[in-house]
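Descriptive structure summary
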Amino acid sequence: MPDERQTLSAEDAIIDARRAKAEVMRARGENPFANDTVPRLGGHTGDIAQVRATAADAQDAAGRYDESRVRALVGDEVFHVRGRVIALRSTGGLSFIRLRDRTGEIQLLVSEAALGADYARLAEFDVGDVLEAEGELTASKRGELSITPRRVRLLTKALRPLPEKWHGLTDVEIRYRQRYVDLIANPPVADVFRARSHVVRATRAILDEQGFLEVETPTMHTLIGGAAAKPFLTHHNALDMDLLMRIAPELYLKRLVVGGLERVYEIGRCYRNEGISTRHNPEFTILEFYQAYATYDDLIAFMESMLQGIDHRLAQAMPAAHATWAAARPFSLDHPFAQVSMDRAVVAAAERTAIPEWLSAVGDGGGDALVTVLKGSLGERIKEWAKSSPRAKGLDWSNFRKAFGKCDSDGERLFACYEYLAEPFLVDDYRTPDGKHSVPVFIKDYPIEVSPLARRNDARPELADRFEIFLQGRELGNGFSELNDPDDQAGRFRAQVERKARGDEEAMDYDADYIRALEHGMPPAAGFGMGIDRLVMALTNATSIRDVILFPLLRPEASPGKSTP
RNA sequence: GGGCCGGUAGCUCAGUCGGUAGAGCUGCGGACUUUUAAUCCGUAGGUCCCGGGUUCGAGUCCCGGCCGGCCCA
């Protein structure tokens, strides 16, 4: 039967043609999906970067190589490399193949003279194929370091074509759904994920050096706690039991502090059943660590040095890529980080709005006095207040009013003031001395009502010994001295349960076992949690969390792939 | 959840007022022993996201849906 398909799409035609090439190879007794890749001419197998390093001294100031210098340096040494074809050009009896492995790229300068009859096999190679090649090093006339293979062999036939060479792949949907193509077509993408690995490695190294123990705690929970978020629900069949995917590891890690492990950390996945945005993926990676006998002030100092340390280690691991990222950063990690209490941040923000009544209120009584003024007249005065200054005009008054109105306590009201009056302007208000970069800001001393797991301040019981760190205006992490009074904690859980009963889907459950653990005595401790994804975003200038997650959650596509054998 | 924008060849994109579906790259055939987005000659390739409507006629206008992006919540 002839092929009944009336029309063949361009893609199908390409796939068919490449399959046919694989069949030709099979007919010759060769395997188009081979894995017996070994040197046959006495060459030594190496990464492309190793091969390049061998000839590094034959390079001139402009980075060009000269054939005689290459020869003088490496002689007749034979090299064996493997990699993917990313460019393929022929000028007739001479062909140029650009090969890439995980360490770099090198050109194969393939001549009919060196390969003889096998030269015709080049017609079976396509961009995207994986090859092995074995031969001596040389330089092309244009000064490019090259291998002149006496043997070149296809290892893996790529049936599908790669995106075109000029523009590459830019369609973000294909980039996220087919990350394997994105990684091949867009080398900077691979750098971001290398950076992510280095960031995690540096984080581990810094904590390990301080005597922290890495642990793994359950990701399937029976109660929700440790953060304010909606959980995912799942089910265990054998136990016929609903389970919740964790929103935070916090309460398990603190149980370990009770158990005497004293310094523990976990880097792991958490799940929050919330909207998807450029800053939110339903699953994300969190770092949490807990240190006995430390206070939140100790952790503020530690986090400053830790973030600088992570960035320095990233710079050492990937100097070129890091230089590019660092040059484009709107923030600086190399200047002292700012520290300000939430109350002072609200006062400073109120002063900058230049609203006369706010000025006189915060002048006398700080943030509390501002809250009192707002309780009296926020609703009626917005129109007038908004005219006071450009900054006042730029405030999100309607949402501020809504959030403020929902608050049950002055502590929550102060927090609302912070969120709407101060937080949007952190990037403007806290900058390096030359004004060119924002600096990270620690906001300290949160109202107790919004901090259900943090220790109450000894001098001011309405406050918690808690901080959050903001990098370029975005929340990066959250830390506090831990609440270790079991009775206080039980009361805070009860308040959470009440909120849940009133419809707060993000409130925590009462965790009786955690209270029992605290009743055994948790040493004074402080802990910190940070989103790894957001840190990697900041360090690599990514604008979307999807750019630092290899396979971000997307709706399923209608029909993946169309090719059939 | 709301607003705005987008979906046309494998990829990157044009497509005017509603009137035969276009380009470049890629692919395929050919030439070429120093290319770098090679060049030159020839050539193929389409569910215009899906469904409905208006119309003599829809990639284009209208309605609904799907998928994605950005902003807001």
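Since the model is a prediction, treat every value here as computed from it, not as a measurement. (Residues numbered from 1 in each chain as written. Chains lettered and ligands numbered in written order. Predicted model: local features only at pLDDT ≥ 70, side-chain atom pairs only at ≥ 80, totals over all residues. Heavy atoms only, no water.)

What to know about unusual backbone geometry
- One non-glycine residue, Glu-262, lies in the positive phi region at around 60°.
- Tracing the sequence through the fold places Glu-262 in the loop between helix H8 (250–258) and strand E11 (263–271).
- The class of Glu-262 is partly exposed, set by a relative accessible area of 33%.
- Although it is not a glycine, Ala-354 sits at a positive phi angle of roughly 60°.
- Note on placement: Ala-354 falls in the loop between helix H11 (342–353) and helix H12 (356–385).
- A residue is classified by how much of its surface remains accessible, and Ala-354, at 34% relative accessible area, is partly exposed. (Helix = DSSP H or I, 4+ residues; strand = E, 2+ residues; numbered from the N terminus. Buried < 20%, exposed > 50% of the residue type's maximum accessible area, 1.4 Å probe, protein only.)

Considering the protein's contact with RNA strand B
- As a structural note, the neighbourhood of RNA strand B is formed by 42 residues, with Arg-142, Lys-165, Trp-166, Glu-173 and Arg-546 the closest of them.
- The sugar and phosphate moieties of RNA strand B supply 66% of its atoms located within 4 Å of the protein.
- Contact distances for RNA strand B include 3.3 Å between a base nitrogen and a backbone N or O atom of Gly-92.
- With respect to RNA strand B, the side chain of Gln-107 contributes an N or O atom lying 2.9 Å from a base oxygen.
- For the surface near RNA strand B, the secondary structure elements donating two or more residues are helix H1 (10–27), strand E2 (78–90), strand E3 (94–101), strand E4 (104–111) and helix H5 (172–177).
- Residue composition of the surface near RNA strand B, by class: 14 nonpolar, 13 polar and 15 charged. (Near = heavy atom within 4 Å. Polar contact = N/O pair within 3.5 Å; in protein donor to acceptor, adjacent residues only side chain to side chain. Nonpolar A, V, L, I, M, F, W, Y, C, P; charged D, E, K, R; others polar.)

Observations regarding the sheet that holds strand E8 (residues 220–221)
- Ordered in space as E8-E10-E9, the three strands form an open sheet in which the pairing is antiparallel. The open sheet has two free edges, formed respectively by E8 and strand E9 (233–236), since each of these has just one partner strand.
- Taken together, the four bridges between E9 and strand E10 (residues 241–245) define a ladder with antiparallel strand orientation. Its bridge partner being in E10, Leu-233 is matched across the sheet by Leu-244. (Pairing = 2+ DSSP bridges.)

A short note on the domain arrangement of chain A
- Assigned domains within chain A: domain 1 (11–161) and domain 2 (338–433).
- Inter-centroid distance (C-alpha atoms) of domain 1 to domain 2 is 65 Å. (Domains from an automatic or database assignment.)

A few points about the pairing of E2
- The pairing of strand E1 (residues 44–45) with E2 spans two bridges and is classified as parallel. Within E2, the position partnered with Thr-45 by the bridge is His-80.
- Here seven bridges tie E2 to strand E5 (residues 130–139), and the two strands are oriented antiparallel to one another. Paired with Val-78 across the bridge in E5 is Glu-136.
- Note: E2 against E3, six bridges, orientation antiparallel.

Examining the pairing of strand E17 (residues 525–531)
- Across the seven residues that make up E17, a large majority, seven, are buried.
- Side chains Ala-525, Gly-527, Gly-529 and Gly-531 project from E17 onto one buried face, and the interleaved Ala-526, Phe-528 and Met-530 project onto a second face that is buried too.
- Here strand E12 (residues 283–292) runs beside E17; their pairing, made up of seven bridges, is antiparallel. Looking across to E17, one finds that Ile-286 is bridged to Gly-531.

Here we look at the sheet that holds strand E7 (residues 213–214)
- As summarised here, the arrangement of the eight strands in space is E7-E11-E12-E17-E16-E15-E14-E13, forming an open sheet in which the pairing is mixed. Sheet topology places E7 and strand E13 (338–341) at the edges, where each strand pairs with a single neighbour.
- Here strand E14 (residues 441–447) runs beside strand E15 (residues 463–471); their pairing, made up of six bridges, is antiparallel. Along E15, the bridge assignment pairs Lys-444 with Phe-467.
- Strand contacts of H11: E13 and E14, with the helix running at about 90° to E13, the strand carrying the most contacts. (Contact = heavy atoms within 4.5 Å. Axes fitted to C-alpha atoms, helices over the stretch in contact; angles between N-to-C directions.)

Brief notes about the pattern of salt bridges
- Tallied over the entire structure, the rule returns 55 salt bridges.
- For the salt bridge of Lys-21 with Asp-126, the shortest nitrogen-to-oxygen distance reads 2.9 Å. With a gap of 105 residues between them, Lys-21 in helix H1 and Asp-126 in the loop between helix H4 (112–115) and E5 connect regions that are remote in the sequence.
- Note that Arg-153 and Asp-36 form a salt bridge whose closest N and O atoms lie 2.7 Å from each other. One end of the pair, Arg-153, is in strand E6 (residues 145–156); the other, Asp-36, is in the loop between H1 and E1, and 117 residues separate them in sequence.
- If you follow the salt bridges from partner to partner, you end up with Asp-36, Arg-40, Glu-132, Glu-134, Arg-151 and Arg-153 in one network. (Salt bridge = Lys/Arg side-chain N within 4 Å of Asp/Glu carboxyl O.)

Some words on the packing of helix H7 (residues 187–209) against helix H19 (residues 532–540)
- It is at 10 Å that the axes of H7 and H19 come closest, and there the two elements cross at 125°. In terms of orientation, H7 lies oblique with respect to H19. Crossing handedness for the pair H7 and H19: right-handed. Where H7 abuts H19, its residues Val-192, Ala-195, Arg-196, Val-199 and Val-200 lie against Ile-532, Asp-533, Leu-535, Val-536, Leu-539 and Thr-540.
- Counted by class, the contact of H7 with H19 contains eight nonpolar, one polar and two charged residues. (Parallel < 35°, antiparallel > 145°, perpendicular 65-115°, else oblique. Left-handed = near helix turned anticlockwise from the far one by under 90°.)

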